[in-house]
Amino acid sequence: MRVSWQSLYDEIYACEKCELCKQIHNKVPGQGDIHAKLMFIGEGPGADEDMQGLAFVGAAGQLLTKMIAAMGYDREQVYICNIVKCRPPHNRTPEPLEAQMCLPYLRQQVALVRPRVIVLLGATAARTLLREDFRITREHGIWVEKKGVWFMPTYHPAALLRDESKKREAWRDLQKVMEKMKELGEKASDGGHEGV
Ligand code: SF4
């Protein structure tokens, strides 16, 4: 049975299923167009996200906003969230068990939004949703289709901030996303304009 957004968010805000909720300021469920055809899924909230209760609002979030704009979309036209809804201490990678505990919320978000294309930002998102031994450096940019939804794994914006040389590859991945959206008849307003 499909839940409502309100009951899903209530459940997330009340959730104490794993240890990650112990040291947070805010839950970060995700935000954006709840009918978006394009969805972005990252790893987990960082310090800025934890303080504001919003996904991707720190430095990596600003880069993601630029990436989305370069694809011809506004942030408000896509849906953005993370694998885990609570900030891991010191921004560590969420444990696979924590990711699995939080996964039902993400599945419900995907079921409610019903995107045509999902961009997986970084290894944690790809390992949780595609395959646990997924290697982002080797396997980014390769489409995976599941039940009519197209998944594009690429680098997390935080990784692009650490290593600028990856930006070119990431932009190629996002160009594939733009092509796929066009193919699916879901083209953005002007089809994108410049690289990241
Ligand atoms: S990370 Fe997810 S599963 Fe863990 S407490 Fe937070 S909302 Fe619940």
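Quick note: structure is the one above.
In what follows, the accompanying structure is described. Since the structure is predicted, the reported quantities are computational estimates derived from the model, not experimental observations. (Residues numbered from 1 in each chain as written. Predicted model: local features only at pLDDT ≥ 70, side-chain atom pairs only at ≥ 80, totals over all residues.)

So, on to helix α3 (residues 59-70). Since the α-helix packs 3.6 residues into each turn, any two residues three or four apart lie on the same face. Taking 1.5 Å of rise per residue, 12 residues should cover 16 Å, and α3 covers 17 Å from first to last C-alpha, within 8% of that figure. A60, G61, L64, M67 and I68 are the residues of α3 that are buried. Projected onto a plane normal to the axis of α3, the buried residues spread over an arc of 115 degrees and lie on a single side. Residues of α3 that are buried in the fold lie against β2 (38-42), α7 (157-162) and α8 (167-183). (Helix = DSSP H or I, 4+ residues; strand = E, 2+ residues; numbered from the N terminus. Expected span 1.5 Å × (residues − 1). Buried ≥ 20, exposed ≤ 12 C-beta atoms within 10 Å, placed from the backbone. Arc of directions from axis to C-beta. Contact = placed C-beta atoms within 7 Å.)

The next subject is the nonpolar core. In terms of nonpolar packing, the biggest core is built from 48 residues, with M39, F40, I41, V78, V117, V119 and L120 touching the most fellow members. Every residue in contact with L120, bar those within four places of it in the chain, is listed here: I41, A125, A126, L129, F151, M152 and P153. (Core = buried A, V, L, I, M, F, W, Y, C linked by C-beta atoms within 7 Å.)

Let's shift gears to the pairing of strand β4 (residues 117-121). Counting buried positions along β4 gives five out of five residues, so the element sits mostly inside the fold. Alternating residues of β4 divide into V117, V119 and L121 and I118 and L120, and every residue in both groups is buried. Here four bridges tie β2 to β4, and the two strands are oriented parallel to one another. Of the residues in β4, the one forming a bridge with L38 is V117. Taken together, the five bridges between β4 and strand β6 (residues 149-154) define a ladder with parallel strand orientation. Each residue of the ladder has a partner; that of V119, found in β6, is M152. (Pairing = 2+ DSSP bridges.)

Next up on the list: the sheet that holds strand β1 (residues 31-32). Here six strands make up an open sheet; going across it, the order is β1-β3-β2-β4-β6-β5 and the pairing mixed. In this open sheet, the two edge strands, each paired with only one partner strand, are β1 and β5 (144-146). When β5 meets β6, the two strands line up antiparallel, connected through three bridges. For K146, the partnering residue across the bridge sits in β6 and is V149.

Around the ligand, 13 residues are found, and the nearest of them are C15, C18, C21, C86 and C102. With three residues, the single largest contributor to the shell around the ligand is helix α4 (residues 96-113). (Near = placed C-beta within 6 Å.)

Although it is not a glycine, F56 sits at a positive phi angle of roughly 55 degrees. Along the chain, the position of F56 falls in the loop between α2 (47-52) and α3. For F56, a count of 29 C-beta atoms within 10 Å corresponds to the buried category. For H90, which is not glycine, the phi torsion reads 55 degrees and is therefore positive. Looking at H90, the number of C-beta atoms within 10 Å reads 7, which means it is exposed.

With 18 residues, α4 ought to run about 26 Å at 1.5 Å a step, and its terminal C-alpha atoms sit 24 Å apart, in line with that. Where α4 bends most, at C102, the angle is about 40 degrees, and the proline P104 comes one to four residues later. Buried residues along α4 sit in contact with α1 (5-14), β2, β3 (79-82) and α5 (123-129). Downstream of α4 by one or two residues, R114 has phi in the positive range, about 55 degrees. (Bend = angle between axes of the 7 residues up to and from the residue.)

Here the focus is the pairing of β3. Alternating residues of β3 divide into Y79 and C81 and I80 and N82, and every residue in both groups is buried. The pairing of β1 with β3 spans two bridges and is antiparallel. Along β3, the bridge assignment pairs G32 with Y79. As defined by bridge partners, β2 adjoins β3 across four bridges and the pair is classed as parallel. Paired with F40 across the bridge in β3 is I80.

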